[in-house]
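These are the residues of each chain, in order.
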There are 6 protein chains.
Amino acid sequence: MKNKLRFGLPKGSLQEATIEKMAKAGYNIQVSSRSYLPYVDDEEMEIRLIRAQEISRYVEHGYLDCGITGHDWIVENGSKVHEVGEFMFSKVSRKPARWVLCVPENSPVKTVKDLEGKRIATEVVNLTKKYLKKHGVKAEVEFSWGATEVKAHELVDAIVEVTETGSSLRANKLRIVDELLSSTPRLIANLDAWKNPWKRRKIETMSMLLKGALDAEAKVGLKMNIQRKHLESLLRNPTISQLSLEGWVAVETIIDTHVVRELIPQLKAAGAEGIIEYPLNKVVY
Amino acid sequence: MKNKLRFGLPKGSLQEATIEKMAKAGYNIQVSSRSYLPYVDDEEMEIRLIRAQEISRYVEHGYLDCGITGHDWIVENGSKVHEVGEFMFSKVSRKPARWVLCVPENSPVKTVKDLEGKRIATEVVNLTKKYLKKHGVKAEVEFSWGATEVKAHELVDAIVEVTETGSSLRANKLRIVDELLSSTPRLIANLDAWKNPWKRRKIETMSMLLKGALDAEAKVGLKMNIQRKHLESLLRNPTISQLSLEGWVAVETIIDTHVVRELIPQLKAAGAEGIIEYPLNKVVY
Amino acid sequence: MKNKLRFGLPKGSLQEATIEKMAKAGYNIQVSSRSYLPYVDDEEMEIRLIRAQEISRYVEHGYLDCGITGHDWIVENGSKVHEVGEFMFSKVSRKPARWVLCVPENSPVKTVKDLEGKRIATEVVNLTKKYLKKHGVKAEVEFSWGATEVKAHELVDAIVEVTETGSSLRANKLRIVDELLSSTPRLIANLDAWKNPWKRRKIETMSMLLKGALDAEAKVGLKMNIQRKHLESLLRNPTISQLSLEGWVAVETIIDTHVVRELIPQLKAAGAEGIIEYPLNKVVY
Amino acid sequence: MKNKLRFGLPKGSLQEATIEKMAKAGYNIQVSSRSYLPYVDDEEMEIRLIRAQEISRYVEHGYLDCGITGHDWIVENGSKVHEVGEFMFSKVSRKPARWVLCVPENSPVKTVKDLEGKRIATEVVNLTKKYLKKHGVKAEVEFSWGATEVKAHELVDAIVEVTETGSSLRANKLRIVDELLSSTPRLIANLDAWKNPWKRRKIETMSMLLKGALDAEAKVGLKMNIQRKHLESLLRNPTISQLSLEGWVAVETIIDTHVVRELIPQLKAAGAEGIIEYPLNKVVY
Amino acid sequence: MKNKLRFGLPKGSLQEATIEKMAKAGYNIQVSSRSYLPYVDDEEMEIRLIRAQEISRYVEHGYLDCGITGHDWIVENGSKVHEVGEFMFSKVSRKPARWVLCVPENSPVKTVKDLEGKRIATEVVNLTKKYLKKHGVKAEVEFSWGATEVKAHELVDAIVEVTETGSSLRANKLRIVDELLSSTPRLIANLDAWKNPWKRRKIETMSMLLKGALDAEAKVGLKMNIQRKHLESLLRNPTISQLSLEGWVAVETIIDTHVVRELIPQLKAAGAEGIIEYPLNKVVY
Amino acid sequence: MKNKLRFGLPKGSLQEATIEKMAKAGYNIQVSSRSYLPYVDDEEMEIRLIRAQEISRYVEHGYLDCGITGHDWIVENGSKVHEVGEFMFSKVSRKPARWVLCVPENSPVKTVKDLEGKRIATEVVNLTKKYLKKHGVKAEVEFSWGATEVKAHELVDAIVEVTETGSSLRANKLRIVDELLSSTPRLIANLDAWKNPWKRRKIETMSMLLKGALDAEAKVGLKMNIQRKHLESLLRNPTISQLSLEGWVAVETIIDTHVVRELIPQLKAAGAEGIIEYPLNKVVY
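So, a few notes on the structure that sits alongside this text. This structure is a prediction, so every number in the text was calculated from the model and none was measured.

Rules and cut-offs
Residues numbered from 1 in each chain as written. Chains lettered and ligands numbered in written order. Predicted model: local features only at pLDDT ≥ 70, side-chain atom pairs only at ≥ 80, totals over all residues. Heavy atoms only, no water. Helix = DSSP H or I, 4+ residues; strand = E, 2+ residues; numbered from the N terminus. Expected span 1.5 Å × (residues − 1). Bend = angle between axes of the 7 residues up to and from the residue. Buried < 20%, exposed > 50% of the residue type's maximum accessible area, 1.4 Å probe, protein only. Contact = heavy atoms within 4.5 Å. Least-squares fit on C-alpha atoms with pLDDT ≥ 70 in both. Phe/Tyr/Trp six-rings, centres within 6.5 Å; stacked < 30°, edge-to-face > 60°. Lys NZ or Arg CZ within 6 Å of the ring centre and 35° of its normal. Buried area = accessible area lost by both parts, 1.4 Å probe. Salt bridge = Lys/Arg side-chain N within 4 Å of Asp/Glu carboxyl O. Polar contact = N/O pair within 3.5 Å; in protein donor to acceptor, adjacent residues only side chain to side chain. Pairing = 2+ DSSP bridges. Axes fitted to C-alpha atoms, helices over the stretch in contact; angles between N-to-C directions.

Every α-helical turn comprises 3.6 residues, leaving residues that sit three or four positions apart pointing alike. Taking 1.5 Å as the rise per residue, helix α10 (residues 257-269) of chain B with 13 residues should run 18 Å; its terminal C-alpha atoms sit 19 Å apart, in good agreement. Its maximal kink placed at B:L263, α10(B) deviates by approximately 35°, while the proline B:P265 follows within four residues. When we look at burial in α10(B), the residues that qualify are B:V260, B:R261, B:L263, B:I264, B:P265 and B:L267. Those residues of α10(B) that are buried lie in contact with α8 (197-217) and β17 (282-284) of chain A together with β13 (219-227), α9 (228-234), β15 (248-256) and β16 (273-278) of chain B. Positive backbone phi, approximately 90°, marks B:G271, located one or two places after α10(B).

In this section: the relation of the copies chain A and chain F. If you rotate chain A by 180° and push it 0.0 Å along the axis, it lands on chain F with an RMSD of 0.0 Å. Overall, the copies show the geometry of a two-fold rotation axis. If distances are taken from each C-alpha of chain A to the rotation axis, the shortest is found for A:W145, at 4.8 Å. With an isologous cut-off of 70% or more, the 100% of interface residues of chain A that recur at the interface of chain F puts this contact in the isologous class.

Next up on the list: the packing of aromatic side chains. A complete count under the given rule lists 39 aromatic pairs over all chains for this structure. Seen from their ring centres, C:F143 and E:W145 are 5.4 Å apart, and the 80° between their planes marks the pair as edge-to-face. Within this pair, whereas C:F143 is found in strand β9 (residues 140-143), its partner E:W145 is found in the loop between β9 (140-143) and α5 (148-151), the two belonging to separate chains. By relative accessible area, which is 18% here, C:F143 ends up buried. Members of the aromatic cluster, each reached through a chain of ring pairs, are A:W73, A:W99, A:F143, A:W145, F:W73, F:W99, F:F143 and F:W145. Just above the ring of A:Y278 sits the side chain of A:K223; from NZ or CZ to the centre is 5.4 Å.

The next subject is the interface of chain A and chain F. Taken together, the 26 residues of chain A in the interface contact 26 residues of chain F. Summed over both sides, the interface of chain A with chain F buries roughly 2500 Å², with 52% coming from carbon and sulfur. The largest contributions to the chain A side of the interface with chain F come from A:W145, A:E154 and A:L155, which together make up 32% of the buried area. The interface formed by chain A and chain F holds eight salt bridges in total. Between F:E154 and A:R6 there is a salt bridge, with the nearest N and O atoms lying 2.9 Å from each other. Taken together, chain A and chain F are joined by 17 residue pairs in polar contact (both at pLDDT 80 or more).

So, about the sheet that holds strand β15 (residues 248-256) of chain E. The strand order across the open sheet formed by five strands is β14(E)-β15(E)-β13(E)-β16(E)-β17(F), and the pairing between neighbours is antiparallel. Looking along the sheet, the strands with just one partner apiece sit at the ends: β14 (239-242) of chain E together with β17 (282-284) of chain F. Within this sheet the neighbouring strands show an average axis-to-axis angle of 15°, counted without direction.

Residue and element names in this part refer to chain F. Relative to strand β15 (residues 248-256), strand β13 (residues 219-227) runs antiparallel, the two sharing nine bridges. In the sheet register, I226 faces β15, and the bridge partner there is V249. Strand direction decides the pairing type here: strand β14 (residues 239-242) and β15, joined by four bridges, are antiparallel. The residue of β15 that forms the bridge with Q242 is V249. Between β14 and β15, which follow one another and run antiparallel, lie five residues, and G247 among them has a positive phi close to 85°.

Quick look at the sheet that holds strand β1 (residues 5-11) of chain F now. Two strands in a sheet stick together by hydrogen bonds in their backbones, pointing the same way (parallel) or opposite ways (antiparallel). All names here are of chain F. Taken in spatial order, the five strands line up as β4-β1-β5-β12-β6 in an open sheet, and their pairing is mixed. The open sheet has two edge strands with one neighbour each: β4 (45-51) and β6 (82-86). With direction set aside, neighbouring strand axes in the sheet form an average angle of 30°. In the sheet, β6 pairs with strand β12 (residues 185-189) via four bridges, with the strands oriented antiparallel.

Here we come to the arrangement of the chains. Note that chain B does not reach chain E: the shortest distance linking a C-alpha of one to a C-alpha of the other is 10 Å. Spatially, chain C and chain F are disjoint, and the shortest separation between their C-alpha atoms is 10 Å.

All names here are of chain E. As for its position among the elements, T253 is in strand β15. According to the relative accessible area criterion, T253 is buried, its value standing at 7%. Ignoring any residue separated from it by four or fewer positions in sequence, one finds T253 in contact with V220, G221, L222, L235, R236, N237 and P238.

Attention now goes to the pattern of salt bridges. Scanning the entire structure with this criterion turns up 156 salt bridges over all chains. With a closest N to O distance of 3.6 Å, D:E54 and D:R57 form a salt bridge. In this pair, D:E54 and D:R57 both sit in helix α2 (residues 52-60), three residues apart, roughly one turn of the helix. When its relative accessible area of 11% is taken as the criterion, D:R57 is described as buried. Taking the shortest distance from any N to any O, the salt bridge between F:K223 and D:E252 comes out at 2.3 Å. On the criterion of chain membership, the pair formed by F:K223 in strand β13 and D:E252 in strand β15 (residues 248-256) is interchain, its members lying in two chains.

Here it is in structure tokens:
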């Protein structure tokens with residue numbers, strides 16, 4: 001019988017982004033509303049769509065060989081798994097998700113110490129209890145089924161909620177008291193699967209391609225003609241071809257997307273010509 | 001008066017994919033809900049959106065000069081048209097659509113012979129009748145207006161249905177008895193239009209660009225620095241530039257997307273550096 | 001305190017396209033339904049989403065430092081602002097929007113002169129009044145809150161409406177009598193902000209990157225192997241590399257998307273091989 | 001084993017209306033996206049949702065005991081079934097659906113005779129062929145997979161299409177040449193099921209309740225106090241109660257919804273007081 | 001030729017509610033996406049869907065015989081029309097819409113006097129100018145194309161906006177400074193149409209039926225058995241039938257929906273039995 | 001300051017049904033997407049929309065005076081609250097929700113005893129643990145974040161899931177092993193609020209009206225003329241009026257919706273005439 005790698009992807013809000021990244025890595029996945037199992041164009045792989053909160057649990061118990069989930073849920077579940085790699089999925093902010101202790105803007109609570117004897121609502125009950133214990137604070141922690149931000153104003157004294165850019169907290173007039181955990185997506189493997197050479201090689205390949213695809217999102221290719229004298233101050237390690245015009249070279253390089261905003265005006269000011277920026281699928285160093 | 005090419009595109013489930021492929025080929029089409037006729041940025045072309053099932057009929061009768069439709073419907077309609085080219089539209093599976101004879105998993109029917117005197121529901125009545133005749137089986141064939149898969153369980157004895165990955169058949173607990181036809185999208189032309197030099201040249205150009213765009217979907221560009229000694233075993237016909245470092249070369253090549261999954265780990269293992277994968281719009285050999 | 005550039009983007013129908021173009025320029029914007037202010041990954045910038053009709057007004061008064069809006073609304077509002085650059089956003093037609101005077105197909109009105117004493121509905125009341133005055137025509141102009149095209153048939157005698165491809169006017173059986181204004185999107189700046197060196201440099205950089213991104217949409221990169229003798233007649237200023245095969249060269253060039261439809265068949269006819277078209281992010285000359 | 005009545009309801013555009021009418025008749029049906037079989041709160045009934053075009057076929061062959069479908073499809077399929085009753089489902093127009101022969105407004109075709117040798121597109125191929133035969137006209141009839149109205153203008157010479165208010169034909173600039181069939185929804189039964197006393201009683205009960213519910217949609221209850229002398233000229237057969245005020249009576253009656261628009265102003269003019277109109281669920285005479 | 005009444009209904013946010021109320025009045029209207037003109041089951045009527053802001057203008061000029069629009073827009077447009085009746089459409093709050101002058105909660109503006117020399121954004125420019133003039137305040141009034149509430153915080157000094165329950169103003173942290181106008185929906189008629197007896201009678205009938213339907217929304221029918229001695233203190237003018245049980249009567253009455261919440265507990269406390277509440281379609285006194 | 005009753009309604013899947021029932025009871029609630037607090041047309045009430053799972057917790061702690069939630073979540077949370085009344089919300093099935101222990105159809109598990117040492121996924125962890133303890137079974141119970149039914153097939157050994165008609169379980173090929181709890185919606189009150197006379201009276205009134213509205217959904221009014229001799233066998237306690245025709249009476253009665261299906265055919269068979277069924281808003285005995 002053929003070897004199969006059982007791979008768990010996060011269902012729900014991260015689903016579309018994950019499937020898009022997997023496609024960039026080279027694995028095309030099709031979720032059908034009529035079929036239970038997503039199709040993937042790799043006969044050695046089986047995909048399962050599972051809530052991000054649960055993936056680490058099923059990887060730990062071996063129902064899945066590997067999966068993608070957040071660092072936060074691995075910690076919250078206390079799952080014993082092998083962490084293969086860290087990935088950054090959000091193209092816009094490229095910031096990690098942060099679990100923060102929040103109170104209403106006008107709350108008298110200034111530090112975690114002020115929560116002694118109070119009530120806190122959160123989706124990460126274990127994380128919050130551990131945090132309180134570390135600070136020697138006794139408070140009631142209750143599981144929140146959703147809309148946690150709204151509760152901070154009248155149903156509980158504080159919340160522990162996740163935020164990326166902080167804009168939703170500001171919109172709800174909440175103030176951050178402390179940060180409990182910073183979390184990024186991880187590729188994790190079951191400990192036994194990681195010892196199986198075929199599965200490990202398959203997981204490592206996938207990890208390399210996914211990393212190459214994600215790195216490529218933050219980089220672009222750049223080509224231009226420029227005077228050789230400006231090279232050193234502006235570009236690091238470009239590929240250089242001689243041009244017939246004295247003192248000029250054709251250069252090509254890979255640079256960070258965020259640098260482009262600063263660099264192109266400088267190149268233009270230095271007299272560079274025919275500046276071309278092109279997209280990349282993968283970058284593997 | 002200006003020459004015009006009347007071109008039929010399949011309305012409905014394939015519509016979005018077809019318009020996207022046409023854009024990649026270089027023809028931007030805009031379907032407006034307020035206007036009957038789609039806009040295309042080519043003044044020598046007129047687009048009509050028509051159900052895939054009917055396009056071959058209208059191309060045959062000359063109401064359209066050419067069109068894109070499935071091989072299956074050309075055969076079902078028995079249309080006399082010129083077939084210009086074959087295209088593969090689905091990026092995910094890249095498999096042809098298959099019209100298959102199906103029965104419930106637990107049906108006693110094992111071969112088409114067991115259907116003597118039974119009832120079969122299908123959207124392709126002519127195809128099915130021809131198939132039964134070839135096998136010397138007499139059975140009643142009725143046109144199905146939709147939801148054919150559900151009918152197999154209690155309304156008829158068997159169905160002839162289309163499938164791509166087979167996942168919908170499995171979800172409906174159906175078993176494939178036989179395959180009647182494998183079908184891919186085709187660009188077809190009216191026989192008279194094909195004799196008209198202006199129209200033929202226009203159709204052939206479009207076919208070449210569309211083919212170039214679809215081929216490019218399955219390929220990527222790859223650049224890297226690598227030791228010359230590894231070249232032969234890993235890459236076929238790359239473009240090679242000498243590097244200053246002894247024994248190393250910069251190479252660039254075009255390869256199949258599906259090979260990338262295997263190749264990049266091998267290149268990495270062979271010590272390749274700065275591996276860059278970039279997307280292509282068109283590949284014309 | 002940090003310098004901030006307040007930048008107004010058009011809300012509504014142009015919103016998605018504008019945000020997509022900004023992302024191509026290198027500024028990732030995220031509009032959150034839960035937060036009032038869009039997020040942008042540039043700490044020196046603040047985004048406001050405002051109706052295109054109003055942006056020039058708020059730029060003029062200094063509530064915004066700069067903004068993107070149509071030439072039509074700058075004129076309609078009579079706003080005194082600095083125009084930094086002109087951009088073409090629509091990928092499909094790449095035609096400017098035109099404000100035209102329209103009447104029903106079967107109306108006796110032939111020229112603007114025939115509208116003496118009549119009623120005209122439009123969203124651009126000032127523009128229309130100025131136009132009538134220029135032609136010495138006295139007619140009543142009333143503000144239309146929407147669905148202007150439908151009104152031309154029974155509620156008023158003529159309308160002044162915007163059109164891009166003309167297809168909506170045809171669908172509503174309207175005839176164009178005259179064109180009042182042709183309009184494209186503009187990047188505009190407040191006059192004081194333009195005198196501020198920090199703001200001006202920031203706006204100019206953004207303008208350069210946005211222009212580079214939009215220019216790149218209409219261009220592609222092309223690579224191929226071709227006989228040197230065909231070069232001159234087919235390609236302008238390509239980058240040429242010698243090939244080992246006598247008389248053949250490898251060339252690379254940037255060309256207009258619209259030329260590709262004509263050029264690739266010609267290159268193919270001239271025996272070019274391995275023609276590769278690849279996409280560009282930005283082109284800055 | 002329990003007796004069961006297998007009942008087919010029309011899937012698609014009529015589905016929601018049919019389920020609503022069934023609820024008014026007293027049968028609550030719940031269509032679940034997760035379950036194949038709709039739930040009905042009658043343990044002696046099993047619901048199947050099937051396209052209206054196919055129901056008569058499956059009732060004829062005994063896969064269903066009874067079903068609701070249009071008279072048109074019973075005729076088109078030539079199904080031998082027992083017709084239990086006729087129902088009017090559309091609350092707005094309360095007009096039957098009409099299958100009409102249409103041509104473009106400016107077509108030279110005046111009568112069916114002018115279609116000799118022409119092409120006609122329609123969803124009701126058998127109906128159309130029979131009609132042409134009756135008029136001694138030979139023309140090609142082709143099955144239309146949808147958007148038939150649009151085809152009349154350039155793909156075929158005429159169409160046979162269904163219309164209720166005629167507004168869609170007018171919007172498509174089509175002219176009605178002749179009417180082939182007028183159709184209303186029918187409750188039909190399989191001939192054997194109709195001979196089974198248990199099934200027949202069950203079907204007849206359902207028919208009576210459904211008819212009562214539909215009749216009630218076109219009627220309302222009316223109560224008022226009015227002078228006895230006005231009774232005869234204004235109200236037919238009301239229930240009358242004596243009031244203490246000399247010459248006045250309290251009356252209650254059931255009248256047609258469409259009469260209310262005329263009647264209430266007349267009653268008011270005749271000095272009626274405290275006019276109350278109330279809704280009805282069922283009316284069974 | 002048949003007499004026709006041209007009737008304008010408000011398009012957009014009020015459209016669905018208006019069509020529902022018209023159906024309750026006895027006029028079934030069907031808006032088709034495929035047809036320009038809505039269908040109404042009254043051959044003497046023609047419906048036009050027009051923005052509420054514009055209806056009074058077209059009624060004034062005679063393009064429409066009558067229409068339903070808000071009192072606010074009649075005043076804003078300064079239209080000379082006959083007001084036939086006032087209606088309350090919102091079932092939930094049953095409060096009139098109020099146009100109010102608002103500023104941010106923390107604004108120093110306390111009265112309209114504080115707006116001297118400031119800028120105000122609003123959709124009702126004429127109304128606002130008239131209001132300012134009345135108070136002897138000079139301020140710039142600019143037309144707002146939408147999202148007016150958001151502008152109050154940074155783009156202008158104050159806004160004039162419409163509110164029903166005030167909840168949206170509170171959510172945007174705005175404070176009401178003054179009320180300019182309270183507005184309810186009105187049925188208006190063109191002055192000439194009102195002089196035409198046929199049209200006037202038609203409009204008056206419609207007004208009576210619409211009023212009857214709207215009044216019925218705020219009332220219900222109530223039946224019960226109760227001791228005669230409690231009647232006087234609890235129910236006004238009920239219809240009374242003698243019961244066989246000494247001292248008990250069967251009563252029926254029509255009461256306000258809002259009274260039911262208080263009344264039923266009191267009736268129950270007084271020993272009433274078999275209390276039945278039933279819905280009404282129309283109430284015409 | 002005015003007395004206020006803080007009332008929690010279940011957010012999410014039950015929200016629309018609950019608001020509709022509250023409207024029938026006489027409390028019109030409007031949920032605005034722009035405002036945090038729903039509007040209710042009772043100034044003595046404040047509505048909060050909270051997940052059904054959490055309502056009993058916030059009622060227990062006094063953040064809410066009362067709320068509507070399921071019996072299941074009161075038990076799961078172990079909340080100490082006063083239960084005011086039980087309501088049946090689902091019009092279709094009118095069956096309670098059942099929490100059941102399920103396994104795949106082909107699982108060897110026959111009774112709860114077979115789950116010793118196994119894993120069970122559920123949303124009601126406490127309920128499940130208590131159930132296992134009662135049966136002396138030791139098994140791991142893990143919280144399921146959703147899609148529990150799918151997990152039974154490969155991620156855990158059994159699930160505890162809620163079902164109404166059982167159709168979703170059948171569709172997922174699951175078998176019910178045992179029922180843990182049958183649950184219906186309840187109106188609950190905080191223990192202190194229940195001691196407050198004003199609040200208690202307010203809650204009891206609401207409970208009475210809500211019960212009256214829900215009871216009315218399962219009943220209808222019936223009127224007819226019938227021969228007196230048939231009365232006893234067919235109708236219980238109708239209101240009877242003498243008719244002029246010898247032996248005939250006019251009767252009116254309130255009966256269960258489910259009886260109507262059987263009764264109307266019997267009444268018709270007994271010669272009843274003018275049978276009218278009308279809807280009820282509330283029934284309070």
